[in-house]
Amino acid sequence: ELAEKVEAITGVPLPMERDQILGVMVQSSSAPDAEVLKMQGWDDGRFYQRLVVPGRLRMDGEDLMEGACWLLLNRYAAEHTPPAQRTGMGATVPDWVSAGLAQNTQVALKSRNRDWIARELADGRVLPLAQVVKQELLPPGRWREKAYAAAAVEFLFPDGEADAWAALFQATGRKEAIDPAWLRRHCPA
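Residues numbered from 1 in each chain as written. Predicted model: local features only at pLDDT ≥ 70, side-chain atom pairs only at ≥ 80, totals over all residues. Heavy atoms only, no water.

**What to know about the pattern of salt bridges**
Considering all chains together, one arrives at nine salt bridges under this definition. Across the pair Arg 144 and Glu 120 runs a salt bridge, and its minimum N-O distance is 2.7 Å. With Arg 144 in helix α6 (residues 144–156) and Glu 120 in helix α4 (residues 107–122), this pair connects stretches of sequence that are 24 residues apart. Classification of Arg 144 as partly exposed rests on a relative accessible area of 24%. For Glu 120, a relative accessible area of 2% translates into the label buried. A single network of salt bridges, built from pairs that share partners, joins Glu 62, Arg 112 and Arg 142. (Salt bridge = Lys/Arg side-chain N within 4 Å of Asp/Glu carboxyl O. Helix = DSSP H or I, 4+ residues; strand = E, 2+ residues; numbered from the N terminus. Buried < 20%, exposed > 50% of the residue type's maximum accessible area, 1.4 Å probe, protein only.)

Below you can see the structure in the form of structure tokens.
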């Protein structure tokens with residue numbers, strides 16, 4: 001379901017080839033504070049990805065969805081990684097993009113995030129777009145930055161805007177910085 005939503009939002013079919021492995025592991029036992037782990041890397045020309053889920057009942061479903069979304073978006077970037085650079089961990093999209101897109105896949109989360117930002121605007125506490133797009137890494141959990149990331153993704157990369165998404169994946173695959181200058185050149189907003 002998440003893969004279908006990612007494809008609908010990006011307007012680009014997910015590259016799911018036989019030599020690209022995406023594994024999901026559920027730990028049989030884990031510490032109470034265990035988090036969703038996302039791993040990926042190139043090995044002998046193959047792109048491997050793994051999502052490790054804590055084996056406990058109270059896992060945060062949003063963290064799981066954001067981790068899976070990060071892996072799926074990086075799969076697009078892997079398609080655009082030059083062969084000589086297909087080593088190590090591989091290209092990664094900034095967390096503000098993956099968390100923002102994940103937050104936009106659920107109607108309830110979109111509504112919650114819009115309410116959250118509206119309250120912040122009313123209180124005069126605004127996180128500027130220039131700060132949102134600098135967030136390469138976001139911590140697990142529910143944070144105001146993720147609500148702003150969802151708004152930034154919705155604004156900069158409208159649903160189905162395949163050209164902007166394709167440009168993002170190509171740039172990420174080449175490990176270009178996705179900074180305000182890049183966004184001005186490639187986003188319809």
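**Quick notes on the state of the cysteines**
This model, assessed by the stated rule, comprises zero disulfides. Among the cysteines around Cys 69, which has no disulfide bond, Cys 187 carries the closest sulfur, lying 16 Å off. With relative accessibility at 0%, the residue Cys 69 sits in the buried group. Take Cys 187: its relative accessible area is 9%, and that puts it in the buried class. (Disulfide = S-S within 2.5 Å.)

**A word on the packing of aromatic side chains**
Any pair of aromatic rings gets described here by the distance separating the centres and the angle formed by the planes. Taken as a whole and assessed by the stated rule, the structure comprises four aromatic pairs. Residues Trp 42 and Phe 47 carry aromatic rings whose centres are separated by 4.8 Å and whose planes lie at 45° to one another, so their mutual orientation is tilted. Taken individually, Trp 42 and Phe 47 each receive the classification buried, so the pair is uniform in this respect. Among the aromatic residues, ring-to-ring pairing joins Tyr 76, Phe 157, Trp 165 and Phe 169 into one connected group. The ring of Trp 70 has Lys 38 sitting right over it, with the charged end atom 4.8 Å from the ring centre. (Phe/Tyr/Trp six-rings, centres within 6.5 Å; stacked < 30°, edge-to-face > 60°. Lys NZ or Arg CZ within 6 Å of the ring centre and 35° of its normal.)

**Examining helix α2 (residues 61–79)**
In an α-helix, one turn spans 3.6 residues; hence positions three or four apart end up facing the same way. Over its 19 residues, α2 extends 28 Å from the first C-alpha to the last, a length consistent with the 27 Å expected when each residue adds 1.5 Å. For α2, a buried count of 16 out of 19 residues is recorded, marking the element as mostly surrounded by other parts of the structure. (Expected span 1.5 Å × (residues − 1).)

**Let's talk about the environment of Gly 55**
As for its placement among the helices and strands, Gly 55 is situated in the loop between β3 (46–53) and α2. Each C-alpha atom, one on Gly 55 and one on Ala 34, is 8.7 Å from the other, the two residues being 21 residues apart in sequence.

**Focus on the pairing of β3**
Relative to β3, strand β2 (residues 37–43) runs antiparallel, the two sharing seven bridges. Counted as the bridge partner of Lys 38 is Leu 51 from β3. Counted between consecutive antiparallel strands, the loop separating β2 from β3 contains two residues, among which Asp 44 sits at a positive phi close to 55°. (Pairing = 2+ DSSP bridges.)

**Things to note about the nonpolar core**
With 43 residues, the main nonpolar core has Leu 73, Trp 96, Phe 157, Trp 165, Trp 182 and Leu 183 as its most contacted residues. Secondary structure elements with two or more residues in this core: α1 (2–10), β3, α2, α3 (95–103), α4, α6, α7 (162–173) and α8 (180–186). It is α2 that provides the largest number of residues to this core, a total of eight residues. (Core = buried A, V, L, I, M, F, W, Y, C linked by side-chain atoms within 4.5 Å.)

**With respect to unusual backbone geometry**
One non-glycine residue, Asp 44, lies in positive phi territory at about 55°. Relative to the helices and strands, Asp 44 is located in the loop between β2 and β3.

**A short note on the packing of α2 against α3**
For the pair α2 and α3, interaxial distance at closest approach is 8 Å and the crossing angle is 120°. Classified by the angle their axes make, α2 and α3 are oblique. Relative to α3, the crossing made by α2 is right-handed. When α2 is examined against α3, the residues Glu 62, Met 65, Glu 66, Cys 69, Trp 70 and Leu 73 are found in contact with a partner set consisting of Asp 95, Val 97, Ser 98, Ala 99, Leu 101, Ala 102 and Gln 103. Grouping the amino acids of the contact of α2 with α3 by side-chain chemistry returns eight nonpolar, two polar and three charged. (Axes fitted to C-alpha atoms, helices over the stretch in contact; angles between N-to-C directions. Parallel < 35°, antiparallel > 145°, perpendicular 65-115°, else oblique. Left-handed = near helix turned anticlockwise from the far one by under 90°. Contact = heavy atoms within 4.5 Å. Nonpolar A, V, L, I, M, F, W, Y, C, P; charged D, E, K, R; others polar.)

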